[in-house]
Structures are given as C-alpha cells and as structure tokens.
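Coordinate analysis (summary)
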Amino acid sequence: MPRMTILIGAQWGDEGKGRWIDILAKDADIVARYQGGNNAGHTLYIQGEKIVLHQVPSGAFHEGQVACLGAGVVINPLAMQDELEKIKKIKGKPLTPESLWLSARAHVITPWSIEVDGLRESSLKQPIGTTKRGIGPTYADKAARLGIRLGHFIKSSYTQKWLEARCEQDENFKRHYQERKQEWQSFIDSAKVLAPFVCDVEGRLVDALADNKHILVEGAQGALLDIDHGTYPFVTSSGTGVGGAFQSLGAAGRKWAKVIGVAKAYTTRVGEGPMPTELHDEAGRHLASKGAEFGATTGRPRRCGWLDAVALKYVCQLSGLDGLILNKFDILSGLEVIRVAVAYEHPKLGRLDRFPWDHEVLADCKPVYRDFAGWKGDIPTQGHFSDLPPQALHYITAIEELVGTRVMMVGTGVTRQDAVFPNS
Ligand code: IMP
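Residues numbered from 1 in each chain as written. Predicted model: local features only at pLDDT ≥ 70, side-chain atom pairs only at ≥ 80, totals over all residues. Heavy atoms only, no water.

Using the criterion set out here, one finds zero disulfides in the structure. With no disulfide of its own, cysteine 316 lies closest to cysteine 365 among cysteine sulfurs, the gap being 19 Å. (Disulfide = S-S within 2.5 Å.)

Take a look at the structure:
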C-alpha cells in the first residue's frame, strides 16, 4: 500500500472522482483535498441516498478517518457551516476536530469575492462560464496579498483590522461592506463554527506520513482546467494537477505517491472554452441523457462528446499517471459506433498529435476519429475485464495504447460496488 495515493480528474472535471475517493477511502487514514473550493461538487450514493459534497472531502463518511483541506484550498465559511450540518444529519453525528482538519493557511472566500466573480462574468465579452462561487477573485486576492487566511479569519481582531484596511484601500469593497452589513456579519460569525477545526494541516500530514499513515489525496475539477496547463483562460484558478497537490499539502509524501487519473469513457465539459469532440447529434444526446450530465454544483447541462485521447494522453504524460480509472463505461452501451479522437486536424497547422497550448488553436481543431464497434445490451456491473463484451474490451485496450497508461478500473454504475477490474 503506497503511503500516498493522489486521485485527480484527467479531463475537464466531473469525471466521477467522488465515488472513487469514497471507495478508496476505506483503506486510508486521512483524505485530503488540495485545491478549489465550493465550485466542486462530488456526488456520492450512500445506502441508496444521493449526497453532493462541495468542500469536505468525500472520504468524510468513513469511520475513524480524518478529512482535511490543505493550504491551497479556498473555503467559503458559510457554505462550510451548511455542509457540516448536512453531514451531521446524514451521519447521525457531527464531524469533530479530530475527524476534520482545516488548514490555517487556506484562504477564505468572502462575500466580496463572490460579488466580483458575478460582476466580472457579466462584464466579459467572452465569459469563462465560472460557477460564480467567488473562486477566481479569492485566488487573485491571495496572489495580490490582499486575501485573508482561515487561521487569521478565526481571530476576530485580525479580521476587523483586515476589513478596515480593505475598506480604506478599495472604495468598491467599502461600499459593498457598508451596504451588505448583515451578509458580512453572518460571514464573520461563521468563524466561530469553523474555529475548532482550524490547525496546521501540513505539519500534521508530515507527522502522519512519518507514522506510516496512508493519505488519500482528492483533486477537484480536472487537469484540463489547471491554471497553468489547462485551456487558459477557460480554466479554474488553481493547480488541479499533481503539482497542485504538493504545492498545497507539502511534498513530504512525494517519494511514496501513486497517482491515479479518473476519466469518463467519453468527454464532458461545463462552462465555456474549446472542446474538439463536442457533439450536437443523437450520440451526444445519448451520452447526456443516459449519463445524466448536469453539473452537481450549478445544475448546468454538461457539454458531451466522444473521448478525446489527445487531451487524455497530454494529462497522463504531464501528471505522470500510474493508472487510469475509466468511469461511466456503462453509458456507452447501446451505441452502434463509438468514436475516439486520436489526433486533430488544424486548417493551417495540419495534423496535430499533441494537445496544443493555445486555446485559439484548439478551437479550430477538428478531431481525427478512430471508430470502434459498440455493443448491444448492458455490460456486467461487476467482475473482470474478461466478463465484458469483446468490443468493450477492445475499446479499453485501444485507449490504454493511445494514452500510454494502464486502465486499472472501469466504472459501470453509481454505487460503491459497480466496478470491473483487470484480470490480473
Ligand atoms: P470557477 O472555478 O468557478 O472559477 O470556474 C472556472 C471554470 O471551471 C468554468 O468553466 C467552470 O464551469 C469550471 N469548473 C469549476 N468547477 C468545476 C467542477 O467541479 N466541475 C467541472 N467544471 C468546473
């Protein structure tokens, strides 16, 4: 058992990471999230009940385990308060300071950041399609050294000084603060609820690793939304790849880390930005309706398309993935032909085998497809690859070859049990 397993989204988010985290978490001592905030939405099905978590790692439902948020996460304290209530109701008992650690270094999403996110989106000629949860402005304030860390937020005198300084420095902030006093007061009051959970998470992780504990690291969003390596500017504002994990949680676990990527057996994307394999036909409608492709956070319909092996190979290589989980494989059942993009054709640059850095180039790319025969009827939801129809097995093997990474699990349904494994 590696001391650290890092699970990242290998596409544009919504790959179904939450469920796999929930499955893998049974062998972990600590489940840690390293970036993003309540823009994420991880859907779990526990005892037949659907649960969507936005901030607390999906591992929080396992007994005797620690769920933690690292320095690179941005935390909405009011939304966190609601989420703690929701978890208490489902679990029948609250999370305790022993079972939930919030990094003192994490930055706080303020009512102002949420306001700015909405204003920026509506003023942009070409909006990003953000979740309007204040994520971008919070990371921007952090980089500009204007933000407030959770460890400081829970000291009321510090928050007061910070508010005064921000009001003095920014007229718009001041107006917002004065006009929305009640909203700001609830925000400030939420510090008391979070205070017991705030600690030196990164220091505790160093100790835990030294003590042979197993840490499961949970990515949010997906590697193609990474601030540096994604389809900028149509990205989120954090490091969603493996690098982001070490930046946020510390690199003490580096030498033991095993990195797993989760991808759907097709592609989805929410928000704006190029997506070469996007479909607007019957096959696209099949994926959207059978896959119930609506955002867990905003409820927006997800754009659906064929698997993009160029983009997936880029992520596998860049993140040095040790294995791939191919999720929602059952959604492909019933399609006569299944297509996979194996290269792009650009009107000026010709054939591209590598994912381009430039979103304008990507927007002009047409996929070069390889076609695979589909299969009729449903696939077995459990068992081994040899139990799958030969066409399905052929599809998996081809993907492994195209992206140069081993498929270590295939997701075949929504519950913890629905998974098919390699034969050896
Ligand atoms: P933001 O993270 O709210 O700033 O949004 C930036 C981009 O990331 C938009 O295209 C969002 O749709 C996308 N995004 C953010 N969170 C998620 C997620 O959890 N799943 C999928 N897309 C996301």
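Turning to the sheet that holds strand 20 (residues 407–411), a few remarks are in order. Spatial strand order, 9-7-5-2-10-1-11-15-20-21-19: 11 strands in an open sheet with mixed pairing. A single partner strand is all that each edge strand has here, and the edge strands are strand 9 (198–199) and strand 19 (383–384). As paired strands, strand 5 (residues 66–69) and strand 7 (residues 100–103) are joined by three bridges and run parallel to one another. Considered in strand 7, the bridge of cysteine 68 is made with tryptophan 101. (Pairing = 2+ DSSP bridges. Helix = DSSP H or I, 4+ residues; strand = E, 2+ residues; numbered from the N terminus.)

Taken together, 15 residues sit near the ligand, with Asp14, Asn39, Thr131, Thr236 and Arg300 positioned nearest. Take threonine 131: an N or O atom from its side chain is 2.6 Å from an oxygen atom of the ligand. Within the contact set of the ligand, a nitrogen atom lies 3.2 Å away from a side-chain nitrogen or oxygen of glutamine 221. Taken by itself the ligand offers 470 Å² of open surface, and the protein chains cover 96% of this. Across the shell around the ligand, the residue classes break down as six nonpolar, seven polar and two charged. (Near = heavy atom within 4 Å. Polar contact = N/O pair within 3.5 Å; in protein donor to acceptor, adjacent residues only side chain to side chain. Areas by Shrake-Rupley, 256 points an atom, 1.4 Å probe, with all protein chains shown as cover. Nonpolar A, V, L, I, M, F, W, Y, C, P; charged D, E, K, R; others polar.)

Under the criterion given, the structure shown has 10 aromatic pairs. Taken together, a centroid distance of 5.5 Å and an interplanar angle of 85° make the contact between tyrosine 177 and tryptophan 184 edge-to-face. The class of tryptophan 184 is buried, set by a relative accessible area of 0%. A network of ring pairs unites the aromatic residues Trp112, Phe153, Trp162, Phe173, Tyr177, Trp184 and Phe187 as a single cluster. When the ring centre of tryptophan 256 is taken as reference, the NZ or CZ atom of arginine 3 above it lies at 3.8 Å. Arginine 204 extends its terminal NZ or CZ atom over the ring of tryptophan 101, reaching a point 4.9 Å from the ring centre. (Phe/Tyr/Trp six-rings, centres within 6.5 Å; stacked < 30°, edge-to-face > 60°. Buried < 20%, exposed > 50% of the residue type's maximum accessible area, 1.4 Å probe, protein only. Lys NZ or Arg CZ within 6 Å of the ring centre and 35° of its normal.)

A full pass over the atoms with the stated rule returns 19 salt bridges. For the salt bridge of aspartate 27 with lysine 26, the shortest nitrogen-to-oxygen distance reads 3.8 Å. Given the relative accessible area of 43%, aspartate 27 is considered partly exposed. Take lysine 26: its relative accessible area is 58%, and that puts it in the exposed class. A salt bridge links aspartate 200 to arginine 105, with the nearest nitrogen and oxygen atoms 2.8 Å apart. Linking aspartate 200 in the loop between strand 9 and helix 9 (201–210) with arginine 105 in the loop between strand 7 and strand 8 (107–108), this pair joins segments that are 95 residues apart in sequence. Here the salt bridges do not stand alone but share partners, grouping Asp14, Lys264, Glu293, Arg302 and Lys328 into one network. (Salt bridge = Lys/Arg side-chain N within 4 Å of Asp/Glu carboxyl O.)

Position of glycine 118 among the secondary structure elements: in helix 3 (residues 111–123). Glycine 118 gets classed as partly exposed once you look at its relative accessible area, which sits at 23%. C-alpha separation for the pair glycine 118 and valine 337, spaced 219 residues apart in sequence, amounts to 41 Å.

Taken across its five residues, strand 20 has five buried, putting it largely inside the fold. Bridge count for strand 15 (residues 323–327) against strand 20 is three bridges, and the pairing is parallel. Bridged to leucine 324 within strand 20 is valine 407. By the bridge criterion, two bridges tie strand 20 to strand 21 (residues 419–421) in an arrangement that is antiparallel. Residue pairing in the sheet places valine 410 in a bridge with valine 420 of strand 21.

Looking at where serine 113 falls in the secondary structure, it is placed in helix 3. Contacts of serine 113, omitting those with residues within four sequence positions, involve Gly134, Pro137, Thr138 and Asp141. A distance of 3.3 Å separates the side chain of serine 113 from the side chain of threonine 138, its partner in a polar contact. (Contact = heavy atoms within 4.5 Å.)

For the pair helix 3 and helix 7 (residues 171–179), interaxial distance at closest approach is 10 Å and the crossing angle is 115°. Viewed along their axes, helix 3 and helix 7 adopt a mutual orientation that is roughly perpendicular. Relative to helix 7, the crossing made by helix 3 is right-handed. On helix 7, the residues that touch Pro111, Trp112 and Glu115 of helix 3 are Asn172, Phe173 and His176. Looking at side-chain class alone, the contact of helix 3 with helix 7 contains three nonpolar, two polar and one charged residues. (Axes fitted to C-alpha atoms, helices over the stretch in contact; angles between N-to-C directions. Parallel < 35°, antiparallel > 145°, perpendicular 65-115°, else oblique. Left-handed = near helix turned anticlockwise from the far one by under 90°.)

For the rest of this paragraph, the subject is the nonpolar core. Of all hydrophobic cores here, the largest spans 71 residues; its most connected members are Phe329, Leu332 and Tyr395. No other element matches helix 14 (residues 390–403), which puts seven residues into this core. Once you skip the residues sitting within four places of it in the chain, phenylalanine 329 turns out to touch Ala265, Trp375, Ile379, Ala392, Tyr395, Ile396, Val410 and Gly411. Counting 36 residues, the second-largest nonpolar core is a separate cluster that includes Ile51, Ala106, Leu194 and Val198. (Core = buried A, V, L, I, M, F, W, Y, C linked by side-chain atoms within 4.5 Å.)

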